[in-house]
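Observations on the three-dimensional arrangement
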Amino acid sequence: MNNSATLLALGFVRRPEWDWANTEHYCLQHGGAIFRAYVVEGNPPGVYVRLGLVGNEKGAAHWRDCISEGSVARKLAEAERTGAWPTELGRVVSLPAPSKDMLFEDNDGKQHRVVYICYIDGKPRDAISEQIDMPGCGSTWDFEEDTKMEEPGYYMYYESGGFGLHHQGIQVFCSYWAADGFVLHDTGKATRLAEPLILTQSMSRNPFEGNREVLGLEYCRVCDAFYDEDWCPDHHREKKDGGVGYRKGFRKKDQPAPTPTIQEGASHE
Ligand SMILES: [Zn+2]
């Protein structure tokens, strides 16, 4: 069973300045690399060590779950033997300086560089970025066409995952662009593009340019309208906990099998 003694036995030392709420972090310099680790309650239940290879003082990339002292030791030895962290589907080896046109700022004011974009039917579907001030720390972004714009070709995107720069998988028949140094494995039948596509509305290769970040990609289940901080004006209400709920008559219990309805001749003079 892992606990903090597991890490201490392997030579880790406490690094309080890395702590998150409720987690005590430990540091180990080993084989020319810096590792960061903490102990968590896992799912399935049990205690395991989460081990990361540190990109810099602020962040860690490529987290791994270790379920025993032996597995922590094996992963450390593997890093020493290969000089690198074992690859998943993709990982950043060493990225060249970011090109200016592939940078963007998120809604929190953080600067990112785009390292990977997946397209379906020529439209951005998802992308991965690396935070400029935290090398090795990335975010995954999902894209959908912006339904609030009258013309097609505008996109909204939201941060669907973060912390750790690795590629989770690739759509079978997509095309994709990846920055030099962003290594992908098992890309299947996907087509690699030499350059990101130029999007029709923004005339930019950067899918974050001219488009907007949203809190999520949620749609009203009654009328299928997209909602963000503006809820569906016809079907939503604020719940007691401040969350979004459905108005009377449109709740799940009111409508066991809700189907979108088309109103015909709904004019009231
Ligand atoms: Zn609605």
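Residues numbered from 1 in each chain as written. Predicted model: local features only at pLDDT ≥ 70, side-chain atom pairs only at ≥ 80, totals over all residues.

**What about the overall build of the protein chain?**
Across its full length, the protein chain carries 2 helices and 19 strands. Across the 269 residues of the protein chain, 29% fall into the buried class. (Helix = DSSP H or I, 4+ residues; strand = E, 2+ residues; numbered from the N terminus. Buried ≥ 20, exposed ≤ 12 C-beta atoms within 10 Å, placed from the backbone.)

**Thoughts on the environment of Phe143**
As for its position among the elements, Phe143 is in strand 10 (residues 138-145). What Phe143 contacts, discounting residues up to four positions off in sequence, is Pro124, Arg125, Asp126, Ala127, Tyr155, Tyr157 and Pro207. (Contact = placed C-beta atoms within 7 Å.)

**Some remarks on unusual backbone geometry**
The backbone of Asp121 shows a phi angle near 50°, a positive value even though the residue is not glycine. Topologically, Asp121 is positioned in the loop between strand 8 (111-120) and strand 9 (123-131). Phi at Asp224 takes a positive value of approximately 70°, unusual for a residue other than glycine. As for its placement among the helices and strands, Asp224 is situated in the loop between strand 16 (218-219) and strand 17 (226-227).

**Regarding the nonpolar core**
Grouped together as the largest cluster of nonpolar side chains are 21 residues, with contacts concentrated most on Tyr116, Ile117, Ala127 and Tyr176. Of all the elements in the fold, those that place two or more residues in this core are strand 8, strand 9, strand 10, strand 11 (155-162) and strand 12 (175-178). Ranked by residues supplied to this core, first place goes to strand 8 with 6 residues. In this structure, Leu28, Phe35, Leu51 and Val72 belong to the second largest nonpolar core, which totals 12 residues. (Core = buried A, V, L, I, M, F, W, Y, C linked by C-beta atoms within 7 Å.)

**Focus: the pairing of strand 12**
For a regular strand, the rule is simple: side chains alternate between the two faces of the sheet. Looking at chain direction, strand 8 and strand 12 are connected through 4 bridges and run antiparallel. Bridged to Cys118 within strand 12 is Tyr176. Bridge count for strand 12 against strand 14 (residues 191-192) is 2 bridges, and the pairing is parallel. Along strand 14, the bridge assignment pairs Ser175 with Thr191. (Pairing = 2+ DSSP bridges.)

**Some details on the confidence of the model for the protein chain**
Note: predicted coordinates in regions of low pLDDT should not be interpreted at a detailed level. Looking at the protein chain, pLDDT values average 76 and 70% of them are 70 or higher. Counting contacts from residues 86-94, a segment whose pLDDT is below 50, to residues more than four positions away or on other chains yields 31 contacts. (pLDDT = per-residue confidence, 0-100.)

**With respect to the environment of Phe182**
Relative to the helices and strands, Phe182 resides in strand 13 (residues 182-184). The spacing of Phe182 and Tyr116 is 66 residues in sequence and 7.6 Å in space, taken between C-alpha atoms.

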